[in-house]
Amino acid sequence: MPKELADVYNTLTLTAQQEVYDFVMYLMQKQEKASETMHKEVRRQKRLQALSEFTGSMKNTWKDVEALDYLKVLREERTIG
C-alpha cells in the first residue's frame, strides 16, 4: 500500500477503516469471480472445439460408397443354411 494511502487510512475512524477493509475484500471477490468466469468460458470453448472436431471425424467414411451396392455385397457374402 502506498505511504500516502496508508496515512489516509490511519487517520480514519475504526468504522471507516472497517468499511475500507470490506470494500477491498469486495473488490478481491469480484476479481476472483471474474477470473473464474473467464476460466470457465475458456474451458467451455475448448470443449466445444473438441466436440466440433470429433463430430466431423467420420464425415468422409461413406463418401464414394453407394448404400444399395454395399448391401448387395453384404448379402452375397453371407451363407444361408
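Above this note sits the structure.
Report on the accompanying structure. By convention here, each chain's residues receive numbers from 1 onward along its written sequence. A pLDDT threshold of at least 70 governs which residues receive local features in this predicted model, and a stricter bar of 80 or more applies before side-chain atom pairs are shown or counted, although totals over entire chains, interfaces and linings include all residues. The basis for every side-chain value is the complete set of non-hydrogen atoms in the structure, without hydrogens or water.

Remarks on the overall build of the protein chain
So, step 1. Each helix corresponds to a stretch of at least 4 residues labelled H or I by DSSP, and each strand to a stretch of at least 2 residues labelled E; elements are numbered beginning at the N terminus. Along its length, the protein chain carries three helices and zero strands.
So, step 2. For the protein chain, the sequential pattern of α-helices and β-strands runs α-α-α.
So, step 3. With respect to the three principal axes, the spread of C-alpha positions in the protein chain is 100 × 25 × 15 Å.
So, step 4. In this scheme, a residue with accessible area under 20% of its type's maximum is buried, one over 50% is exposed, and one in between is partly exposed, where area comes from a 1.4 Å probe on protein chains only. Counting across all 81 residues of the protein chain, residues that qualify as buried make up 1%.
So, step 5. Method for areas: the Shrake-Rupley scheme with a 1.4 Å probe, in which residue coverage is limited to the protein chains shown. Accessible surface for the protein chain amounts to roughly 8300 Å². Of this, 59% is attributable to carbon and sulfur atoms.
So, step 6. Counting 13 positive and 13 negative side-chain charges, the protein chain places the centres of these two groups 6 Å from one another. Under the convention used here, Asp and Glu are negative, Lys and Arg are positive, and both His and the chain ends fall outside the count. Here the site of a charge means NZ on Lys, CZ on Arg, CG on Asp, or CD on Glu.

Concerning the packing of aromatic side chains
Centre distance and the angle of the planes are the two values used to describe a pair of aromatic rings.
So, step 1. Working definition: rings of Phe, Tyr and Trp (its six-membered ring) pair if their centres are within 6.5 Å, and the pair is stacked with planes under 30 degrees apart, edge-to-face with planes over 60 apart, and tilted otherwise. All chains considered together, the criterion is met by two aromatic pairs.
So, step 2. Aromatic pair W62 and Y70: ring centres 5.0 Å apart, planes at 80 degrees, arrangement edge-to-face.

Topic: the pattern of salt bridges
So, step 1. When a carboxyl oxygen of Asp or Glu lies within 4 Å of a side-chain nitrogen of Lys or Arg, that pair is called a salt bridge. Counted by the stated rule, this structure contains three salt bridges.
So, step 2. Of the charged contacts in the structure, one is a salt bridge between E36 and K40, with a shortest N-O distance of 3.6 Å. Taken together, the positions of E36 and K40, both in helix α2 (residues 14-55) and four residues apart, correspond to about one turn of that helix.
So, step 3. The partly exposed category is assigned to E36, whose relative accessible area is 47%.

Notes on a nonpolar patch on the surface
So, step 1. What makes a patch is a set of residues exposed beyond 30% relative accessible area and free of salt bridges, joined within 9 Å when like-charged and within 5 Å when nonpolar (Val, Leu, Ile, Met, Phe, Trp, Tyr). Together, V8, L12, V20, Y21, V24, M25 and M28 line one region of the surface with nonpolar side chains, adding up to about 550 Å² of accessible area.
So, step 2. Examined against the element boundaries, V24 turns out to sit in helix α2.
So, step 3. According to the relative accessible area criterion, V24 is partly exposed, its value standing at 40%.

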